[in-house]
Every structure is written in structure tokens, then in C-alpha cells.
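Okay, here's what each chain looks like letter by letter:
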Amino acid sequence: MSENIIGYLDKDNNIIDTQSAVDTAGLTPIEYDNSEKALEIIRHSTAHLMAQAITELYPNSQFFVGPVVDEGFYYDFRVDEKIGEEDLKTIEKKMKELIKKKYKIEKYELSKDEAMKKFANDDLKQAVMSRIPDETLSIYKQGEFEDLCRGPHVPALRFLNNFKLTRVAGAYLGGDEKAEMLTRIYGIAFADKESLKAHLDMLEEAKKRDHRKIGTEMELFMFNESAGSGLPFWMPQGAKLRAKLEEILHKAHRIRGYQPVRGPEILKSDMWRTSGHYACYGENMYLTEIDEQEYGIKPMNCIGHIQIFKQTQKSYRDLPLRFYEYGVVHRHEKSGVLHGLLRVREFTQDDAHIFCTPEQIAGEVIEVVEFVDSVMQLFGFEYTMEVATKPEKAIGEDAVWELATQGLKDALTENNLPYTIDEGGGAFYGPKIDVKITDALGRKWQCGTIQVDFNLPQRFEVEYVAEDNTRKQPVMLHRAILGSFERFIAILTEHFAGEFPFFIAPTQVIFVPIAENHVAYANELKKTLMAEGIDAEVYDKNDSLNKRIRTAEKQRVPYVAIIGDEEVANRSVAIRNRRSREQYNLTQDEFMVELRQELQKGKI
RNA sequence: GCCCAUAUGGCUCAGGGGUAGAGCACUUCCUUGGUAAGGAAGAGGUCGUGAGUUCAAGUCUCACUAUGGGCUCCA
């Protein structure tokens, strides 16, 4: 056996570890490297090594499960002591000590009954075993430490040198909110030191892009402890960025046949009872009282749009009817889930409701998907789509569900857009497509959504007059492209690391006049740009030229333009490229042409 | 909501049972400078909030609030 073989692959691509492989003929060896399969074995064994170290440090600890996940591994366990970030170093140190003892990892098998007896005093192990159907269980042993495990594992601890424990967290036993909370430690492991370092560096880099950090640096938004958590304040720079995004989207909606509407922030609770929100979503809603009547602050915008639809009689000729609103909604999210702008309690959806016939669903969905795609392409986002199908608890006939679900799938297929299926993940009133974007730390966030709804039109008795002069009920499509401005801007910030494209940059041009006698021309240029809808600033503070250029450069502004004698005389500008630091001169007219072109890039 | 951690001027952080520090930012003055930090002076904090221990609490304890990492949920 080669020194570097840590396992085998069988014909079906299953990993067989060296402890389990009786006959290696016909098996493909797995070398000790950073391949997906090798890392799976290494990380799993590292989780065990961590468990062994924890057992030595905290003799009373009991272990639940320790699987390999996308970003490394974790182990859930119960322990009397409180374990904090500081303790991770101690555990890591113990792990290194254990490696030096050169333990082999050995495997033996037990019947389930024997295993039950062996772990009779360990209710967590009992819980694990109760979830395993097999009659024969395997135990892995390294030194004194034994753990129930199906493997696979590396042959010996010497393969586990390159790891890092990354965080300590709490996790519910079995993911059940009502169950006991265990301690979870996450870690990462690689086959060599360089890969580990590269991974840790990547995490560092991602942290630098964190929208909360950049948002503070660039003064985009803020929170205020006294005001309450999850309630963002938009500072001038952030509000400018947001206004530009709103403007781009306004035009895009109007071109696509959407009409703007706006509903009130609060509606009587009876209306929420009719909609079903009071019963189904009530615990997430904020309620208030006016003149002894209960009102609910809207968590969604649908109700308002329905009332507007119903205000005047509609004909089949009016369909599809598309209403949109930048709807401010409030939702009582649990305190522990709030996260920068990505998860807040007040946010603004780029919300729209399309009233249409069942036959029009597919066509409308195709248009929405096209809309989503053009927005994602505008910013260069990678995204994934997920079709969520009928859940167990659902209303409406199967045939209609089938039609709607197929309509969603067809729309994606026809646009050559790959999607995955979230079986049973739809809303109770209809199937949906969710659009997910990945943030700088690799976390996926739902942004856009397209939902088919048969429920609300029925509850609110929404009707139109059909061709045969009968009353029919339209279908409603709920859809959002960005999802919310808050979340989308958070992801944009991380995506561009704060260096936003020209058409949404909060400040688009900074003029740096060299001396006092250049300030007038700089201000004149600024005025010209502002008239074109381009945000410009003049840096004429009493600082050295170098200092002002440096300050301007640090603002992540698309254009920094220097204005001196030469520029005033020629009515030109000296542009600095923010990336290459190279400079070039343009006349004022040429500059304006370039800026207008840059603005045009924001058209969708 | 639950587990763990954190909370010092606008920002980033140091300090640590005897009553507050740095850098950046800010204000004023000098400097009028052609591509990433010119100089000087100054203002700004009851050390998240409320209790408790102590002769004495930013410093120790508890509660609350907020933030961070997760669990769960979601735009």
C-alpha cells in the first residue's frame, strides 16, 4: 500500500476507506491531496480528531454528529463548560499534540444491540443510532478515543496536519428549534499548508468586502441602537446610490408595461384577516391601534394593489394588468437572524403584481424572467433559480397547480436558464421561482421571486368581465426582481467591493482643483454635471494637493478629475483612472460624451 | 427566539479596581501646492443602559439593549 493512499473509490464512486477495503482489486485509490473525495475523508477525520481533543479537555462532553459540509466540517456536542472563540486555540493545540502520538485510526464492527449497550449512558449516541436503520454499526478508534461512525477515515492522524477551527456556534439537536441546543464547532482542513493558507486568505478578502464594513466606510447606511435593531438609516451617499437604482428600475418597469401604484402603510386588521395574513403570518406582523380599531402594518404589498385593481371595473381587455410599487414593508424577524442590510425588519421591495388569466401565466413569467436576467446581467451577477412546487398544505386544484408549475418550468427552459427543483417548497397559495445570489462570503440569498397566487383573488373576490360577459377571477403573480433594495444593495456592495459602476455610484465624479483660482471652473463643471443628473463634488478643502487626490481616490469614485491652469485654459479635464492610476486629458465636451455613455450603460 | 462572544470619542483600536489614550476624521490658522498623507493649534468620551459588590467600578457580578458567529426562518 502506497504511503499516500487514504482511501478508495468503488465502481459507484463510493468512498471505501483503507480500514474497510478488504480487497483493493478493482478499486481506484484516492491519493492524499486536495481532490474533493480526499478532502471529504480528511475533513471527516479532522472532525474526529477535534472530538478526541475535546474529550480530553472536557471529559464530560458527549458527541452527536460530525459531518463534512461545503466549507469544511463541524461537530455537535454537549458540554458542561461554556466554550468560546478563545478555547478554539486550546483545542487546536490539543489536536496537534494528539497527532504527534501517531495514532492509527482503526475500525471494528458491532451489532446494533451491542452498540446500544456500549453507549447506554450516552443519550446523544442513542439518538444518533435510532436514526440509523442498519443492524451492524462501525466504531472508529484512535488511541483511547472511540466514536460511532460510518467513516470514511484516513488511515492515521498524520494526514491531518493542516486544519483550522474557525468558529464556535450553537445548533439545535437535529435542527429542531424545540430541541436542546448543542455546541457546534466549525473547522476547515486541507491536504497541505498552502491550500489552508489560501483558503484563510480568501476568507480575509471576503471580510474586506463585507457590506457592513464598506457601508460604514463609505457612509452608505447606519443603524442606531436607540432606534431599534433591524431598522436601517440611509445616509446621503447610500440614499444617492439607492435613488439611482430606483430610477433605473422605474424606467425599466414603465417600458415593460408596469404602472406605478402605492398603497397605505397600515390597513385595518380585518383586511389582513380576509387575506389570511393575520392567521398565517400574524406573528411576524406589527399591530397598532387607532380609535379603538386594530390595524396591521403591512408586511406585504399585495392587499393594496388588489384594492386598486378592484376600484374600477376591469375587462379581459385590461389583462394582463401590471402594478408595481417600491413597497416599504415591516416584518418581525427574530432578533438573532438580523444581519446588516441583508436581513432587516423594515425594507423596501421592488414589488409588482400581475393580474392575468391562467393562460397568460406562462407568457408573463417569461417576461419576468427576462426582466430578472437583464438586471442580473447589468451588474454581472451569477444567480441560480429554484422552482418550488406544491407543499403538503396547499389550496387549489391539482390541475391548476400542474398548469402553473409547468408554466414556471417552461418559462425557464425556453430561456435556457437552468433551475433546480425545491420539492414542496412553494407557498400554500401557489408555486414559485426563487432567484438566489451569492454574497462575498459564499452565502446564498434569495432576492427575486415569482409566485403564482390563486388564493388572494378568491379571498378578495377579484373579478374581471370576460369575453362572454361573465365574471371571472384573474390569477395574481407576485414578483420582485431585486427582492428588496436593502438586500440587493448589500450584495451589490460586496460584489463590487464598493467600487460601483458609474450609473449607480453615489458620487460619480470628484473634481480636485489645484489652486484657488481653479475652483470656479471646477464648480462650473460640477453644476453642468448635476444638471445632467450626475453627482459630482469639488474637493477644494484647505489640504495639500496630494492629500486631496489621495482622499478622492479612496472614495471609490469612478472619476477623479484634476483641474489646473492647463485645464482652465483649454476648458478640459485631467482624468485619473481609478484602477491603473494613469491619467488622460479630455476636453469638457469629450468628457460629457463619455459620461453620458456611461450613464446609458445603466439602461435596461 | 436559542447557544457563544463582543460593546472605550464620528471611524479603527490600545488600556485596565484609584477616577481616560492613539491614529484617522472634525474645527481654526499657516502653507497655494500638477497626481496617494505639508505644518501648527484645538474641540470632542460620565468607557452601551440600569442595578449590585467595593473605601473606590471603564475595569469585577447580574440584568437589559445593540452588534458579531451560528441554529431556525426568510426579501
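Residues numbered from 1 in each chain as written. Chains lettered and ligands numbered in written order. Predicted model: local features only at pLDDT ≥ 70, side-chain atom pairs only at ≥ 80, totals over all residues. Heavy atoms only, no water.

J.: Help me understand the layout of surface pockets, please; the structure alone is not making it clear to me.
T.: One simple way to see leftover space: roll a probe sized like a water molecule over the atoms. By volume, the second largest pocket amounts to about 1000 Å³. Listing elements by their share of the lining of the second largest pocket, those giving two or more residues are helix H9 (277-280), strand S19 (346-356), strand S22 (432-438), strand S23 (444-453), helix H13 (455-459), strand S26 (475-480) and helix H14 (485-496). Among the elements that make up the lining of the second largest pocket, the one with the highest residue count is S23 (five residues). (1 Å grid on protein atoms, 1.4 Å probe; cavity = no way out; pocket = protein on both sides within 12 Å on 5 of 7 lines; lining within 4 Å. Points joined across faces, edges and corners; volume = space filled by probe spheres on them. Helix = DSSP H or I, 4+ residues; strand = E, 2+ residues; numbered from the N terminus.)

J.: Whenever I open this one, the pattern of salt bridges confuses me. Can you help?
T.: Two side chains carrying opposite charge are able to pair once their charged atoms lie near each other. Enumeration over the complete set of coordinates arrives at 37 salt bridges. Its salt-bridge partner being glutamate 370, residue arginine 256 comes within 3.7 Å of it at the nearest N-O pair. Note that arginine 256 is positioned in the loop between helix H7 (236-255) and strand S14 (258-260) and glutamate 370 in helix H11 (residues 361-379), a separation of 114 residues in sequence. Owing to a relative accessible area of 16%, arginine 256 belongs among the buried residues under this scheme. Residue arginine 322 pairs with glutamate 364 through a salt bridge whose shortest N-O separation is 2.9 Å. Of this pair, arginine 322 sits in strand S18 (residues 321-330) while glutamate 364 sits in helix H11; the two residues are 42 residues apart in sequence, bridging distant segments of the chain. As far as the burial class goes, arginine 322 and glutamate 364 line up, both buried. Sharing partners across several salt bridges, the network here consists of Arg262, Glu265, Lys298 and Glu325. (Salt bridge = Lys/Arg side-chain N within 4 Å of Asp/Glu carboxyl O. Buried < 20%, exposed > 50% of the residue type's maximum accessible area, 1.4 Å probe, protein only.)

J.: Would you mind going over the protein's contact with RNA strand B with me for this structure?
T.: As a matter of local geometry, RNA strand B sits amid 61 residues, with Tyr172, Arg343, Ile514, Asn542 and Arg550 nearest to it. Atoms of RNA strand B within 4 Å of the protein belong to the sugar or the phosphate in 48% of instances, the rest to bases. Taking isoleucine 83, its main chain carries an N or O atom lying 3.2 Å from a sugar or linking oxygen of RNA strand B. In this structure, a base nitrogen belonging to RNA strand B sits 2.4 Å away from a main-chain N or O atom of isoleucine 514. Top element by residues in the surface near RNA strand B is helix H16 (residues 545-553). It accounts for seven residues. Counted by class, the surface near RNA strand B contains 18 nonpolar, 18 polar and 25 charged residues. (Near = heavy atom within 4 Å. Polar contact = N/O pair within 3.5 Å; in protein donor to acceptor, adjacent residues only side chain to side chain. Nonpolar A, V, L, I, M, F, W, Y, C, P; charged D, E, K, R; others polar.)

J.: Hey, could you run me through the environment of asparagine 577 in this one?
T.: Along the chain, asparagine 577 turns up in strand S30 (residues 572-577). Sequence spacing of asparagine 577 and lysine 164 is 413 residues, and the spatial spacing of their C-alpha atoms is 40 Å.

J.: I tried to follow the pairing of strand S17 (residues 293-297) on my own but got confused; where do I start?
T.: Every regular strand shows the same layout, with side chains that alternate between the two sheet faces. In the sheet, strand S15 (residues 266-268) pairs with S17 via three bridges, with the strands oriented antiparallel. Bridge assignment links lysine 268 to a residue of S17, and that residue is tyrosine 295. Relative to S17, strand S16 (residues 287-290) runs antiparallel, the two sharing four bridges. Bridged to threonine 288 within S17 is tyrosine 295. Counting the residues that bridge the hairpin from S16 to S17 gives two residues, and of these aspartate 291 lies at a positive phi of roughly 45 degrees. (Pairing = 2+ DSSP bridges.)

J.: Is there a simple way to explain the confidence of the model for chain A in this structure?
T.: As a note on interpretation, predicted positions should not be read in detail where pLDDT is low. Confidence along chain A averages 91 in pLDDT terms, with 99% of residues attaining 70 or more. Taken together, the chains of this predicted complex give a pTM of 0.92 and an interface ipTM of 0.94. (pLDDT = per-residue confidence, 0-100.)

J.: Could you clarify how one ought to interpret unusual backbone geometry in this entry?
T.: Trans is the prevailing form of peptide bonds, just as negative phi is the prevailing case for residues other than glycine. Residue proline 152 is reached from glycine 151 by a cis peptide bond, and omega for that bond is -5 degrees. On the secondary structure map, proline 152 appears in the loop between strand S9 (145-148) and strand S10 (162-172). The linkage connecting leucine 319 with the following residue, proline 320, adopts the cis geometry, with an omega of -5 degrees. Relative to the helices and strands, proline 320 is located in the loop between helix H10 (302-311) and S18. Positive phi is not limited to glycine here, since asparagine 13 has a value of about 70 degrees. Topologically, asparagine 13 is positioned in the loop between strand S1 (5-9) and strand S2 (15-17). Here lysine 102, not a glycine, exhibits a phi torsion of approximately 55 degrees, which is positive. With respect to the secondary-structure elements, lysine 102 resides in the loop between helix H2 (85-100) and strand S7 (106-111).

J.: Is there a simple way to think about the nonpolar core in this case?
T.: Side chains of nonpolar character tend, in soluble globular proteins, to be buried together. Core analysis: the largest hydrophobic core is formed by 59 residues, its most contacted members being Phe379 and Phe488. Top element by residues in this core is H11. It accounts for 10 residues. Not counting residues up to four positions away in its chain, the partners in contact with phenylalanine 488 are Leu245, Val375, Met376, Phe379, Phe381, Ile437 and Leu482. Membership of the second largest hydrophobic core comes to 44 residues, among which are Leu39, Val154, Leu165 and Ala191. (Core = buried A, V, L, I, M, F, W, Y, C linked by side-chain atoms within 4.5 Å. Contact = heavy atoms within 4.5 Å.)

J.: Explain the environment of leucine 267 to me, please; I cannot follow it from the model alone.
T.: For leucine 267, the position within the fold is in strand S15. With 192 residues separating them in the primary sequence, leucine 267 and tyrosine 75 have C-alpha atoms 47 Å apart. Once you skip the residues sitting within four places of it in the chain, leucine 267 turns out to touch Trp272, Tyr295, Gly296, Lys298 and Ile303.

J.: What should I look at first to understand the sheet that holds strand S3 (residues 28-31) in this one?
T.: Strand order in the open sheet formed by three strands is S2-S1-S3, with antiparallel pairing between adjacent strands. In this open sheet, the two edge strands, each paired with only one partner strand, are S2 and S3. Between one strand axis and the next, the sheet turns through 40 degrees on average, direction left out of account. Relative to S2, S1 runs antiparallel, the two being bridged by three bridges. (Axes fitted to C-alpha atoms, helices over the stretch in contact; angles between N-to-C directions.)

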